[in-house]
Amino acid sequence: MSASLPGNRDLPASQYNLNTYWGRVQQSAEIADPRTLFVSSSGLENAKKLVSSYKQGQANSMTPEIWRAKKIVDSTLHPDTGQPVFLPFRMSCFVISNLIVTAGMLTPGLQTTGTLLWQITNQSLNVGINSANANKSTPLSTSTIAKSYFFAVSASCSVALGLNAIVPRLKRLSPTAKTTLTRLVPFAAVASAGALNVFLMRGEEIRQGIDVFPTLSEEEKAQKEKDGSQVRSLGKSKKAATLAVGETALSRVLNSTPIMVLPPLILVRLQQTEWLKRRPKMTLPVNLGLILTTSIFALPLALAAFPQRQAVSAKSLEEQFWGKGGKDGKVEFNRGI
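It should be emphasised that the depicted structure is a prediction, and the values quoted were computed from it without experimental measurement.

Asks: How should the side chain of threonine 215 be read in this particular structure?
Replies: Of note, threonine 215 is situated in the loop between strand S1 (210-214) and helix H9 (218-227). In this structure threonine 215 comes out as buried when scored by relative accessible area, which is 12%. For threonine 215, the residues in contact, after removing those within four places along its chain, are Glu220, Ala311, Gly326, Lys327, Lys330, Val331 and Glu332.

Structure representation (C-alpha cells):
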C-alpha cells in the first residue's frame, strides 16, 4: 500500500469517510477493482512516483491522477513490505480466483472424490491469500504454513463429507429440504475451515504479537513531515494480534456467506422452472453467473466490516502500552486482509 512508499507526508487514507461502514465499502470496492490487475510494471512504477511526489511534498494537493495512482498502489502493494502481492492472491483478483473454485464446490450432485478435490483446492487458495495478505511484522515459517494447510484441509473435508453423509439420513425432511441442505453443505465446510485457516495461518501473530503504533494528531503528523522522523513501533501486542486475526476470520465468513448460500438456493429454484429443465446445459453458465454477480457485491461488503488500519485504546491492550497511546489515548495497527 501507499503507506510503504518513501516520504514523511501522510496521504489521506481515502477519498471516502473510513469512519463509516459505507465509506469503507466504497474504499474496499476500489481495492477489489479487478481492472488494477491489468496495470503494467511501468504503470505501477509511475503510480508509485506520483504517490511519492505527494508524500515528499513535491505535489501540493491530491489530484485525480494521484488518487488513481494511490488506488493502483493500494490494491497491488503489501502495506508492511511495500512489495507487490502475488497477483492471484490480491484482493483485486479475489473474485476471479474464487470463481472457478466456488463453482466447483457448488456443482450439483458432486460425488466424494469431487468434494475432496474441490475442498483441497479451495483451502490451497485460502492458504495463499491468507499468507500473502497477513501482517508481515511477524513472519510465518514454512512449517507453520504446512501445518495450517493440513489442519484446514482436514477440517473442510471432514465437515463436507460428514454433512453429505448425514443429510440423506434425515428421514423427517422432505426431498426438497434435503436437496436444499445438501446444496448448503459446501458453505458449512468453507465457513468453518475458512475461519480456522485464518487462525492457523496467522497463529504466530497471536503467539508473538504484532507491531502497534501511537495514533498521531494532525499537529504531530505535520511535525513528522517537517523533521523527517518516522513513527516507531511501541512494541508487539498479542491482544492486538488476536483482535486483528479474529476480525479477519469473521470477515472471511461474512464474505463466504452470500457467495456460498445465495447461488445454490437460487439455482435450486431455477432448476424447477421449465426454462432450465429444457436447457440442462445452461445449468453451469447460470451457476457461474450467479456466483460472479454475488461475489462482486459481497467482497467489498465483507472487507468493509472492519477497518484495515485499526485504532484502539491503549488501555485495551497489554499493560506495557498503557499511557503510551497517541491521540485520544489510542494506538493503531495493520489488521491485514
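On we go from here.
Asks: For this particular structure, what's the right way to read the pattern of salt bridges?
Replies: Here the idea is simple: oppositely charged side chains can pair when their charged atoms come close. One pass over the full model with this rule turns up 9 salt bridges. Salt-bridge contacts for arginine 68 lead to glutamate 65; the nearest nitrogen and oxygen are separated by 3.6 Å. A residue pair is termed a helical-turn pair when its members lie 3 or 4 positions apart in one helix, as arginine 68 and glutamate 65 do in helix H3 (residues 64-76) at 3 residues. By relative accessible area, arginine 68 is classed as exposed at 51%.

Asks: What's the story with the pairing of S1 in this structure? I'm lost.
Replies: Here is the key point about a regular strand: its side chains alternate between the two faces of the sheet. Burial runs high along S1: 4 of the 5 residues are buried. Where S1 and strand S4 (residues 330-334) come together, 2 bridges link them in antiparallel fashion. From the neighbouring strand, phenylalanine 213 faces S4, where its bridge partner is glutamate 332.

Asks: What exactly am I supposed to notice about the environment of serine 92 here?
Replies: Checked against the element boundaries, serine 92 lands in the loop between H3 and helix H4 (94-105). Once the C-alpha coordinates of serine 92 and alanine 29 are considered, the two residues, 63 residues apart in sequence, prove to be 8.8 Å apart. Every residue in contact with serine 92, bar those within four places of it in the chain, is listed here: Ile31, Ala32, Asp33, Pro34, Thr36, Leu37 and Ser75.

Asks: Would you take a moment to explain the sheet that holds S1 for this structure?
Replies: Picture the strands of a sheet paired through backbone hydrogen bonds; they go either parallel or antiparallel. Taken in spatial order, the 4 strands line up as S2-S1-S4-S3 in an open sheet, and their pairing is antiparallel. Looking at the sheet topology across the chains shown, the edges are occupied by strand S2 (235-237) and strand S3 (309-313). When strand polarity is set aside, the average angle formed by the axes of neighbouring strands in this sheet is 45 degrees. Direction of pairing for S3 relative to S4: antiparallel, over a ladder of 5 bridges.

Asks: Would you take a moment to explain unusual backbone geometry for this structure?
Replies: Trans peptide bonds make up most of the peptide bonds, and negative phi angles are found at most residues other than glycine. Phi at aspartate 328 takes a positive value of approximately 60 degrees, unusual for a residue other than glycine. The topology assignment puts aspartate 328 in the loop between S3 and S4. We classify aspartate 328 as exposed; its relative accessible area is 67%.

Parameters at a glance
- All residue numbers refer to position in the chain's written sequence, counted from 1.
- The model is predicted, so local features are restricted to residues of pLDDT at least 70 and side-chain atom pairs to those at 80 or more, both for listing and for counting; the totals for chains, interfaces and linings are taken over all residues.
- Think of the side-chain values as coming from all heavy atoms in the structure, minus any hydrogens and water.
- Helical segments are the DSSP runs of H or I of at least four residues, strand segments are the runs of E of at least two, and each set is numbered from the N terminus.
- Only protein chains enter the area calculation, which uses a 1.4 Å probe; residues under 20% of their type maximum are buried, those over 50% are exposed, and those in between are partly exposed.
- For this analysis, residues touch if any pair of their heavy atoms sits within 4.5 Å.
- Any carboxyl oxygen of Asp or Glu within 4 Å of a side-chain nitrogen of Lys or Arg constitutes a salt bridge here.
- By definition, two strands form a pair when at least two bridges between them are found by DSSP.
- Where helices are involved, their axes are fitted lines through C-alpha atoms of the stretch in contact, as for all axes, and angles between N-to-C directions lie from 0 to 180°.

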